[in-house]
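Secondary and tertiary structure notes
This is what each chain is made of:
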Amino acid sequence: MVLSNRRIRERERKTNEIIDAAQKYFFKKGYDKTTMDEIAAELELTKPALYRYFTNKEDLFFAVVNRGNEILSEMMKKEVESRNTGLEKILATGYAFWKFYDQFHDYCHVMLEARTIYPECMDGPYFKKIREHDQDYLGIMFSAIESGKNDGTVREDINTFLTALYLAESTIAVLKSSEATSDVLDLLGVKKDELIEHSLNLMTHGISKEPFTMDEKENSHDDNEKVI
């Protein structure tokens, strides 16, 4: 039993070591341009040895993505738990995404890239974890909307599930757009952070039972203050 536990710990240690090495390449080069050969060389392993831990490059990439998901999940739960009303919780999920995007930019990029990859195996362990995290995000948003309906801060006439899906996907789209159009924003004299904040407030405004005043918007941003 002692030997078995030791082997388990050693496998976990080696697995994390491989993920550490792989994420450097995925962060720098992306999924398509990274090869298992260079990851194996970085670790001074043979490719067959590497495949004893990960089925293929896709599996290893999703392991890196899962790390980002775990960080985001903890940040989102912390932000939401610190809010009172349902509407505040909804806005907090958006600010959690924003904070994560700003503080863990490399993880955010591989997570967005993962959305363009159709997995060869839907039952891969790390892909399944990613799907579980996606369901958790929607669950958090769903609960926040229901809480808002109950406390009177969110409109009762909206479909909770579809609204949760819309808010989650729209937040991701805004973050991607702010990155893709950064040069245009600079020419217009608009800061990327201004676009993101305006978009988050606009989305929240659309589902609020009693629309925010400007002071309330500013206070919400102050409460969710992030390091830029």
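The model shown is predicted, which means the values in this text are computed figures rather than measured ones. (Residues numbered from 1 in each chain as written. Predicted model: local features only at pLDDT ≥ 70, side-chain atom pairs only at ≥ 80, totals over all residues. Heavy atoms only, no water.)

Side note on the packing of helix 4 (residues 57-81) against helix 6 (residues 105-114)
Their axes nearest at 9 Å, the elements helix 4 and helix 6 cross at an angle of 120°. Taken together, the axis directions place helix 4 and helix 6 in an arrangement best described as oblique. Along this stretch, helix 4 crosses helix 6, giving a crossing that reads as left-handed. Facing helix 4, whose interface residues are Phe61, Phe62, Val64, Val65, Arg67, Gly68, Asn69, Ile71 and Leu72, helix 6 presents Tyr107, Val110, Met111, Glu113 and Ala114. Considered class by class, the residues forming the contact of helix 4 with helix 6 number ten nonpolar, two polar and two charged. (Axes fitted to C-alpha atoms, helices over the stretch in contact; angles between N-to-C directions. Helix = DSSP H or I, 4+ residues; strand = E, 2+ residues; numbered from the N terminus. Parallel < 35°, antiparallel > 145°, perpendicular 65-115°, else oblique. Left-handed = near helix turned anticlockwise from the far one by under 90°. Contact = heavy atoms within 4.5 Å. Nonpolar A, V, L, I, M, F, W, Y, C, P; charged D, E, K, R; others polar.)

Considerations on the side chain of Thr163
With respect to the helices, strands and loops of the structure, Thr163 is situated in helix 8 (residues 160-180). With a relative accessible area of 10%, Thr163 lands in the buried category. Once residues within four sequence positions are removed from consideration, Thr163 is found in contact with Ile145, Ile158 and Ile207. (Buried < 20%, exposed > 50% of the residue type's maximum accessible area, 1.4 Å probe, protein only.)

A few points about a nonpolar patch on the surface
Side chains of Phe142, Phe161, Leu162 and Leu165 sit close together on the surface and give an oily, nonpolar patch of about 360 Å² of accessible area. The topology assignment puts Leu162 in helix 8. A relative accessible area of 51% places Leu162 in the exposed class. (Patch = residues over 30% accessible without salt bridge, like charges linked within 9 Å, V, L, I, M, F, W, Y side chains within 5 Å. Areas by Shrake-Rupley, 256 points an atom, 1.4 Å probe, with all protein chains shown as cover. Salt bridge = Lys/Arg side-chain N within 4 Å of Asp/Glu carboxyl O.)

Side note on the pattern of salt bridges
If you walk through the whole model with that rule in mind, you get twelve salt bridges. The salt bridge involving Arg13 is made with Glu17; its shortest N-O contact spans 2.9 Å. Highlighted residues: Arg13 and Glu17, both in helix 1 (residues 2-33), separated by four residues, approximately one helical turn. Residue Glu17 is classed as partly exposed on the basis of its relative accessible area of 28%. Because the salt bridges share partners, they merge into one network encompassing Glu10, Arg13, Lys14 and Glu17.

Considering unusual backbone geometry
The residue Glu44 is not glycine, and still its phi comes out positive at about 60°. For Glu44, the location among the structural elements is in the loop between helix 2 (36-43) and helix 3 (47-51).

Observations regarding the nonpolar core
Judged by nonpolar contacts, the single largest core of 58 residues is most densely connected at Phe26, Ile39, Leu60 and Phe61. Elements represented by at least two residues in this core include exactly helix 1, helix 2, helix 4, helix 5 (86-103), helix 6, helix 7 (125-151), helix 8 and helix 10 (192-207). Looking at this core element by element, the count peaks at ten residues for helix 4. (Core = buried A, V, L, I, M, F, W, Y, C linked by side-chain atoms within 4.5 Å.)

Describing the packing of aromatic side chains
The full count for this structure, using the stated rule, is ten aromatic pairs. Seen in terms of ring centroids, Phe97 and Tyr137 are 6.0 Å apart; in terms of plane orientation they differ by 70°. Their pairing is edge-to-face. Placement of Phe97 in helix 5 and of Tyr137 in helix 7 is noted, with a sequence separation of 40 residues between them. Accessibility expressed as a relative area gives 10% for Phe97, which makes it buried. Ring pairing ties together the aromatic residues Phe26, Tyr31, Phe61, Phe62 and Phe127, which thus form one cluster. When the ring centre of Tyr31 is taken as reference, the NZ or CZ atom of Lys57 above it lies at 4.3 Å. (Phe/Tyr/Trp six-rings, centres within 6.5 Å; stacked < 30°, edge-to-face > 60°. Lys NZ or Arg CZ within 6 Å of the ring centre and 35° of its normal.)

Read these as layout, nothing more, since geometry by itself doesn't imply function.
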